[in-house]
Amino acid sequence: MVPHEENIIQPVSFQAVSLGSLIMFALFIFYSCTPQLPEKYTKEEVVSTKTNILLITIDTLRADRVGAYGDTRAQTKTIDSIAQQGVLFREAHSLSPLTLPSHSSIMTGLYPREHGVRDNAGFVLPDKIHTIAEALQENGYETSAFVSAFVLEHSWGLAQGFDRYHDPFHPKDLSKVSALGEAQIPSADTINAAQAWWKKTKGPKFSWVHLYDPHTPWETQTGDPYRGDITQADQNLTRLIAQTDSSDLIIITSDHGESLWEHGEREHGVLLHRSVTRVPLIVRPPGTIEGATEPPPRSSSLDIQRPEGVDPRLILEPVQDAPKAAYVVDDIVRLIDIAPTIADYADVSFSSSGLSLRPFIEGRIEPPRVAYAETLFPY
């Protein structure tokens, strides 16, 4: 069974009710099905404790705006190339449409109620919560993080376990924006710093690189501004990916998507539809995955009634869900599954509510998983 819009417990319409009457939390549940086994899978013998790990999160990137997921207008050659060498998860879902809570779940493998970060403001990840960076650091890994958004600045708690946490924000950066969520570092600068660290660090090493381009305000001046900013992030990633080799574990994902006027929401944070919960998740494991998988396409997004005054350059037509990768997994997975996957490949002990994705990557049958999401923002 493949989840569609009608399988989701729909959140209350933001336009129909006042903020005070919105429920504090909304959730959705998906059930997954058995994956097709890959035709060919070959894994090089790599000492797991020496596996270098690169985690890339591209903020506010919905899955159906990536070429590997079926968007024919997308210019995401770097991300698509990783999909051609690895595993694409067709139904990966975020736990929150907000940057800090979602990344807290990625780094801890815990639900928001477990790690305690429920919104971008007013919450700090407690020191008592163990992160995957701490687990790796304790097992001999050199660790680094390079973040592009002020809402991930080290004072919010995510710097735990990182030998280097690159977040060069200055108070004057905040004075230039109308909201904290708009304070960002250009992806080119973030990639420059990450590339230099990766090149000089012998390893074993773990680096988390966060790019903020697709988040508003969009900067692209020609064409679809949302797709244009995604392209900018993808192009800057090329230099960093070139520093890796086939023995490295690479994970590319997003913290949440973007509504783009589906169900009446312009951006994200209020509603919990697939446009904001479904995110790209591509894993290139150590070794190689041979072959090419193109499962039957299906409709992914809804027809949009374009509101008056919307930027005419913004292309809102539905995109067909037609993934292309070395191997495509249809089963439901969650962003809380990333941390235990990293621990699995690094052969380190790590306790979380998520489950390793390695069985899917190696073509094994897994029991159905349940995806949950919440947002405190409307309340």
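(A) Quick peek at the overall build of the chain. Summing up its helical and strand segments, the chain has 10 helices and 11 strands in all. Across the 379 residues in the chain, those meeting the buried criterion constitute 60%. Put simply, 75% of the contacts in the chain that link residues at least 6 apart link residues at least 24 apart. Split by element, the accessible area of the chain, about 15,000 Å² in all, is 52% carbon and sulfur.

(B) Representation of the pattern of salt bridges in the model. Scanning the model with the defined rule gives 21 salt bridges in all. Here R298 ties to E91 by a salt bridge, and the two come within 3.2 Å at their closest N and O atoms. Of this pair, R298 sits in strand β9 (residues 298-299) while E91 sits in strand β2 (residues 87-93), and the two are 207 residues apart along the sequence. Looking at R298, the relative accessible area reads 14%, which means it is buried. For D311, the salt bridge identified is with R313, shortest N-O distance 2.8 Å. Judged by its relative accessible area of 30%, R313 falls in the partly exposed class.

(C) Just the nonpolar core, in detail. Counting residues in each nonpolar core, the largest one holds 58 residues, and the members touching the most others are F89, F206 and W208. The element contributing the most residues to this core is helix α9 (residues 338-346), with six residues. The contact partners of W208, leaving out residues within four places of it in the chain, are L55, T57, H103, M107, S144, A145, F146, V147, L152, L158, F162 and Y165. Counting 37 residues, the second-largest nonpolar core is a separate cluster that includes V66, I79, A233 and I241.

How each quantity is defined
Here, residues in each chain are numbered from 1, in the same order as that chain's written sequence. At least 70 in pLDDT is required for a residue's local features to be given in this predicted model, at least 80 for side-chain atom pairs to be given and counted, and no such filter applies to totals for whole chains, interfaces and linings, which use all residues. The basis for every side-chain value is the complete set of non-hydrogen atoms in the structure, without hydrogens or water. What counts as a helix is a DSSP run of H or I of at least four residues, what counts as a strand is a run of E of at least two, and both are numbered from the N terminus. The buried label goes to any residue with under 20% of its type's maximum accessible area, the exposed label to any with over 50%, and the partly exposed label to all in between, with areas taken from a 1.4 Å probe on protein chains only. Contact criterion: two residues are considered in contact whenever any of their non-hydrogen atoms come within 4.5 Å of each other. Shrake-Rupley sampling with a 1.4 Å probe provides the accessible areas, and residues are treated as covered by the protein chains on show and by no other component. A carboxyl oxygen of Asp or Glu within 4 Å of a side-chain nitrogen of Lys or Arg is what we treat as a salt bridge. Nonpolar cores are built from buried Ala, Val, Leu, Ile, Met, Phe, Trp, Tyr and Cys residues. Side-chain atoms within 4.5 Å join them into one set.

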